[in-house]
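# Working through the structure, step by step
Here are the chains, one letter per residue:
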Amino acid sequence: MSEKGFRAATSAPAIFVLVCIGAGSVLGSYPQYALAMSLVAMVIGVALIVLVGLARCISLASGSIMAIGAYTSTLLMVHFDVQYAVSIALAMVAGAAAGWLIALPGTRFRGHNLAMVTLVFQSVCIILLREAKTITGGAEGIHVPAVGIFGWRIDTDGDFLLVIGLVSALIILCLTVLIRGPFGKNLQAVASNEVAAEAYGIGIPDYLAAAFVISSIAIALAGALAAPRIRILDPDSFGVLSSIFMLAYPIVGGMHSVWGGILGGGGLRSLPEVLRPVADYQELFFASLVILVVMFFPGGLVELVRRTSALVVRGRGQRDRKSAAAAYPPDVMIFAAPHAQSSEPLLCVEGVDKHFGALHAVDAASLEVPIGGIHGLIGPNGAGKTSLFNIISGFLAADAGKIAFAGDSLLKLRPRDRIRFGITRTFQHVAVFGQLSCLDNVVIGLGRNQVLNSMRESLDRFLSGRRTAVMRRQALAALAAVGLADDADLTAATLSLGNQRLLEIARAMVSEPKLILLDEPASGISEQEGEHLLKLLLRINSERNIAMLVIEHNIPFIAKLCRTMSVMGAGRIVAQGRPADVISLPVVRRLYFGEEIEHALQR
Amino acid sequence: MLAELGLVLIAGLKFGSIYALAALGLVVVHKATKTVNFAHGAFAMLGAFATFLIVVHWQWRYWTAYLVIPLLIGAVAALLEFVVLRPLRRADLFTVVVATIFLGIALAEAFRLTYNTELLAVPGLFAGQPFFVGGIFITREALWVITGTLATALACIVVFRHGKIGRGMRAMASNVTGAQLCGYSIDRVYMLAWFLGGALAGLAGVFIAPIAGVSVELSIAIITAGFVAGVIGGFDSLTGAILGGLLLGVAESLAAAYVSSAMKNCISFLLLFIVLMWRPQGLFPERTGRRV
């Protein structure tokens, strides 16, 4: 998609809200009220796209966050005579604080535990609101005073529609910029593969905390906007049930796009107005609807609309859509002349030890990878190869030993910090970000994925798109280098296993690291793909001077690939040297074939 | 002073043993399927509602409730597993949790629509004089609830430890593929787990109906209490669930008696928070020591 198209698509939801205000201005008073409340629900829906849709956190605390917004704004106006506009801003601050408070324990849990932790927060909030009678009015509720902005008294339903609509459009625009930009992509990466996300510098707790804080700010704002229309705030109207129904917004609407929040929030909030004659059955209908969507239509309303429109304009889309490759012609890669292998060590592992209970997984292992060299690591299953790998890439802490990289010690660094030092890795079980496009997968590989950075880049993408264009071009060049340029727009999950491995390699090399750790790159792929992979790795190594440490079971493959290799057995390095020499050593044969066969061979 | 403490403790144990039963059902389902059934509270609520129907509406004998309801609610749970959860077998944890949350809401709402009242009262089982043991009054009801639930819970543990059913579920929980290769049918084991979980929830409902009455709120009260009890005990431990339930009941009762009724509501959340932050494996985790 071109930058102009991206900007238009990103502004579209906010423009839709503005159109709603325009259409609402000709309506009667009650429809205006209903429309304003639907806009509030859309804000909540889009906010939950961030938290529930992209980060896949089940939050049952939305009701209490909305209460925090509504009560903060109202109590400030009642007790301190604060201006409405100022009280809304402070409600957002309170929302941010509440989101952060949930995130403190929340980022440590997933699934049902997280749902329960948020339910705890929800219940405690409602109990506090009910018990603090002197401040909040307790269970009977509190009257929201008349409001105004800069001397203009907001009075009629039309006025409220205008104010609520304008503020909603603004916050929805902000959320859309984040959701569609690198921030949203990285959140999806966290949800689809935490280990790979961590390896590419995405700090998972930071991102989840950011998702909680951002969605809470927007929901608190929605609460503050709605408060004057609710007229009397009481704790029970923000109870667990309201949280659960808000959870339904992104699920029914569609989890991965802003339109899901708009359709889900707007649709579900205005449905009761339509279903007024059967209002009693509303909740049952909602709950059943969610179950049906989850079971039969996980894409939600957005997917439904997309499929219907695809039926209508079949064939036209194909011609109109420009592929990423066409939109961002890749840089021509200019490589330095092939480097001669240096003898200076890049990675130096010395006496590394690791115990799992009584199991001595890694036993005083030492190895070296020279600058620009390729070092192989072989050994039978359970020899401790992957444990050693995980120690080098930071996913496991060593019990003892030293790891130096270009002279610096690596031991204190978190996995996500190692990419900045120039170390990337691939995984034994392919770990691509399945929901993202190949291009976005590789863009993540560029690093620079700290939360604030990705937010800044989301904004940049919307405003100028210059930095994005540079990054995309780099990513496309890496995709082209592994032969996946034509698949740039495809979702990674749709690739074959062999291509997913290539994608992982593109992601690992795009940041031009000094060292790539490859964990069984050739396992599970065909012989032909293996040949291709071998040539590719050798080319990356020689053209870009990237050193590699490779675990592999495929002996012919690794013998052709690496210049030096180590053999591991029962946690210990048992042999080291040139492939041809090492493989013929009796100790290595014994490791692989066992003692008796060794005797039989000698006889 | 001491007598009052005794009363508070007995009341705590009474609620606690019902929580234990609810938690046990939750843990049995979790052990076999690796997911928490958020509709569990609604099953208990249905059990309490069925008690109302049997005892008050149809005027059957009380003991029939203890016999019929666990089977009935177990069957309902197994049916819902078949209809809603089986199609989601390949879905991720997120989807399954969301499905059970809304399943619980749908059940609670269905109940609210059939009997649109705030609270249905169910008479107690015993009316006789309380016992007087060592200076403490124990009502017949408290004695029955505590012994009845704990006996059921212990029977459950024995079945799970030594029966063929339990072996299948444990196998499923530790390795789905491996268990299937060994001839355990995933569909049958999951359905059985939901049946057992539903039966335990239904029984918890029968026990709590005369104490708390029947209301929509019961659904969320039971799921939170059961979940917290499960977390306190260590979610995969059956004995842990029972101890966790008793601990929670006593803590709530103490908080209500000596602090405030608001504290009674907060205490379970405080406990949950503390345990999840400092001891996520629970206070009484099952020993899974590996001999190396």
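Residues numbered from 1 in each chain as written. Chains lettered and ligands numbered in written order. Predicted model: local features only at pLDDT ≥ 70, side-chain atom pairs only at ≥ 80, totals over all residues.

## Quick look at the domain arrangement of chain A
All names here are of chain A. Segmenting chain A into domains produces domain 1 (3-312) and domain 2 (369-435 + 497-602). Measuring from the centre of the C-alpha atoms in domain 1 to the corresponding centre in domain 2 gives 47 Å. In this complex, domain 1 contributes 12 residues to the contact, which on the side of domain 2 involves 11 residues. Of all the secondary structure elements, the ones that give two or more residues to the side of domain 1 that touches domain 2 are α8 (182-192) and α9 (194-199). The element that contributes the greatest number of residues to the side of domain 1 that touches domain 2 is α9, accounting for four residues. (Domains from an automatic or database assignment. Contact = placed C-beta atoms within 7 Å. Helix = DSSP H or I, 4+ residues; strand = E, 2+ residues; numbered from the N terminus.)

## Side note on the nonpolar core
Core analysis: the largest hydrophobic core is formed by 305 residues, its most contacted members being Val43, Ala220, Leu221 and Ala506 of chain A together with Leu24 of chain B. Both domain 1 (3-312) and domain 2 (369-435 + 497-602) of chain A contribute no fewer than three residues apiece to this core. Aside from chain neighbours lying at most four places away, what touches Ala506 of chain A is Val442, Ala478, Leu479, Ala481, Val482 and Leu484 of chain A. (Core = buried A, V, L, I, M, F, W, Y, C linked by C-beta atoms within 7 Å. Buried ≥ 20, exposed ≤ 12 C-beta atoms within 10 Å, placed from the backbone.)

## Quick look at the sheet that holds strand β11 (residues 515-519) of chain A
Two modes of strand pairing occur in sheets, parallel and antiparallel, and in both the strands are linked by backbone hydrogen bonds. Residue and element names in this part refer to chain A. In spatial order, the strands read β10-β11-β12-β7-β13-β14; together these six strands make up an open sheet with mixed pairing. With partners counted over all chains shown, the strands left at the sheet margins are β10 (423-425) and β14 (572-577), one partner each. When strand polarity is set aside, the average angle formed by the axes of neighbouring strands in this sheet is 20 degrees. Taken together, the four bridges between strand β7 (residues 374-378) and strand β12 (residues 547-551) define a ladder with parallel strand orientation. Its bridge partner lying in β12, His375 is registered against Leu549. (Pairing = 2+ DSSP bridges. Axes fitted to C-alpha atoms, helices over the stretch in contact; angles between N-to-C directions.)

## Some words on the interface of chain A and chain B
Facing the 32 residues of chain A at the interface are 31 residues of chain B. Elements with a contribution of two residues or more to the side of chain A that touches chain B: α5 (111-131), α11 (240-253) and α13 (282-296) of chain A. Ranked by residue count, the leading element in the side of chain A that touches chain B is α5 of chain A, at 12 residues. Residue composition of the side of chain A that touches chain B, grouped by class: 22 nonpolar, six polar and four charged. (Nonpolar A, V, L, I, M, F, W, Y, C, P; charged D, E, K, R; others polar.)

## Considering the environment of Pro145 of chain A
All names here are of chain A. Residue placement: Pro145 occurs in the loop between β1 (142-143) and β2 (147-149). Accessibility expressed as a C-beta count within 10 Å gives 13 for Pro145, which makes it partly exposed. A sequence separation of 71 residues divides Pro145 from Thr74, and the C-alpha atoms of the two residues are 7.4 Å apart. Those residues in contact with Pro145, other than ones at most four positions away along the chain, are Met77 and Val78.

## Topic: the environment of Met66 of chain A
All names here are of chain A. Note on placement: Met66 falls in helix α3 (residues 62-80). Among the residues examined, Met66 registers 27 C-beta atoms within 10 Å and is labelled buried. Once the C-alpha coordinates of Met66 and Glu504 are considered, the two residues, 438 residues apart in sequence, prove to be 41 Å apart. Ignoring any residue separated from it by four or fewer positions in sequence, one finds Met66 in contact with Ile219, Ala220, Ala222, Gly223 and Phe238.

## Points about the sheet that holds strand β5 (residues 345-356) of chain A
Residue and element names in this part refer to chain A. Taken in spatial order, the four strands make up an open sheet running β6-β5-β8-β9, and their pairing is antiparallel. Lying at the two open borders of the sheet, with one neighbouring strand each, are β6 (359-370) and β9 (408-409). Bridge analysis of β5 against strand β8 (residues 400-405) gives five bridges, and the strand direction is antiparallel. Its bridge partner being in β8, Leu347 is matched across the sheet by Phe405.

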